[in-house]
Amino acid sequence: MIDTLPGIWGQVLTVARLALVAWALAGVVLAVLPPASAYSIEGKWPKPAWIGICAVSALAFWVLPFGLISLVGMVAVGVFFADVRPAVGGRRR
């Protein structure tokens, strides 16, 4: 549906969709980098959970970019970048 919108509005939505997908995929990459122990030390959900959340969000952004599931994905990826990544990001293997 988003690809069928005419004119500039369709282009804006397509760019927003691609930006959301890139944001979630960046979350996947950044979730993979710290060791799994960093997540438990900081009291966060396990590493595979955050990788999965970001990956499912990227898929949701691609398939249905402005639906309810995508809204939940935006919040989840936002939580990852605002809370989890700063806590575990400084720890390296």
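Structure: above.
Every chain is numbered on its own, with residues counted from 1 as its sequence reads. Owing to the predicted nature of the model, reporting of local features is limited to residues with pLDDT of at least 70; listing and counting of side-chain atom pairs is limited to 80 or more, with chain, interface and lining totals taken over all residues. Excluding hydrogens and water, the side-chain values take into account all heavy atoms of the structure.

1. Some points on the pattern of salt bridges
Here comes step 1: Only one rule defines a salt bridge in this text: a Lys or Arg side-chain nitrogen within 4 Å of an Asp or Glu carboxyl oxygen. Taken as a whole and assessed by the stated rule, the structure comprises 1 salt bridge.
Here comes step 2: With a shortest N-O distance of 3.0 Å, Asp-83 and Lys-44 are connected by a salt bridge. Here Asp-83, found in helix α4 (residues 68-88), pairs with Lys-44, found in the loop between α2 (36-41) and α3 (47-63); they are 39 residues apart in sequence, far enough to count as distant. The helix and strand labels rest on DSSP assignments: H or I over at least four residues marks a helix, E over at least two residues marks a strand, and numbering proceeds from the N terminus.

2. Things to note about the nonpolar core
Here comes step 1: If you look at the biggest cluster of nonpolar residues, it comprises 15 residues, and the most contacted ones within it are Tyr-39, Trp-50, Phe-80 and Val-84.
Here comes step 2: Looking at this core, the elements that each hand over two or more residues are α1 (7-32), α2, α3 and α4.
Here comes step 3: A per-element tally of this core places α1 first, with 5 residues.
Here comes step 4: Setting aside anything within four residues of it in sequence, one finds Phe-80 in contact with Gly-27, Leu-30, Ala-31, Tyr-39, Trp-50, Cys-54, Arg-85 and Pro-86. We define a nonpolar core as any set of buried Ala, Val, Leu, Ile, Met, Phe, Trp, Tyr and Cys residues linked to one another through side-chain atoms lying within 4.5 Å. Only protein chains enter the area calculation, which uses a 1.4 Å probe; residues under 20% of their type maximum are buried, those over 50% are exposed, and those in between are partly exposed. Between two residues, a contact is recorded if the distance between any of their heavy atoms is within 4.5 Å.

3. Here's the deal with α3
Here comes step 1: Between its terminal C-alpha atoms α3 stretches 25 Å, which fits the 24 Å expected from 17 residues at 1.5 Å a residue.
Here comes step 2: Within α3, the full set of buried residues consists of Lys-47, Trp-50, Cys-54, Ser-57, Ala-58, Ala-60 and Phe-61. End-on view of α3: buried residues confined to an arc of 165°, all on one side of the axis. The outward face of α3, more than 90 degrees from its buried face, is lined by the exposed residues Pro-48, Val-56, Leu-59 and Val-63. Every helix has an expected span of 1.5 Å times one less than the residues it contains. Note that the arc is defined by the directions from the helix axis to the C-beta atoms.

4. Thoughts on the packing of aromatic side chains
Here comes step 1: Stacked, tilted and edge-to-face are the three classes assigned to paired rings of Phe, Tyr and Trp, where Trp is represented by its six-membered ring and a pair needs centres within 6.5 Å; plane angles under 30 degrees give stacked, over 60 edge-to-face, the rest tilted. Tallied over the full model, the rule gives 4 aromatic pairs.
Here comes step 2: An angle of 80° between the planes, with centres 5.4 Å apart, marks the rings of Phe-80 and Phe-81 as edge-to-face.
Here comes step 3: Residue Phe-80 is classed as buried on the basis of its relative accessible area, which comes to 0%.
Here comes step 4: Between Arg-17 and the ring centre of Trp-62, over which it is positioned, the NZ or CZ distance is 4.6 Å. To sit over a ring, a charge needs its Lys NZ or Arg CZ within 6 Å of the ring centre and within 35 degrees of the ring normal.

5. Description of the environment of Phe-61
Here comes step 1: Summarising the element assignment, Phe-61 is placed in helix α3.
Here comes step 2: Its relative accessible area of 0% is what places Phe-61 among the buried residues.
Here comes step 3: The spatial distance from the C-alpha of Phe-61 to the C-alpha of Leu-71 is 8.9 Å, given a sequence separation of 10 residues.
Here comes step 4: Setting aside residues up to four positions removed in sequence, Phe-61 forms contacts with Arg-17, Leu-20, Val-21, Trp-23, Ala-24, Ser-70, Gly-73 and Met-74.

6. Comments concerning the side chain of Lys-47
Here comes step 1: Take Lys-47: it is sitting in helix α3.
Here comes step 2: Just so you know, the count uses Lys and Arg for positive and Asp and Glu for negative, and it drops His and the chain ends. Buried Lys-47, no salt bridge; nearest opposite-charge side chain is Glu-42, N-O distance 15 Å.
Here comes step 3: Nitrogen and oxygen atoms within 3.5 Å of one another constitute a polar contact, given that in protein one can donate a hydrogen and the other can accept it, and given that sequence-neighbouring residues count only through two side-chain atoms. Within the structure, Lys-47 has its side chain in polar contact with the backbone oxygen of Pro-34 (distance 2.8 Å).

Taken by themselves, the reported measurements are silent on function.
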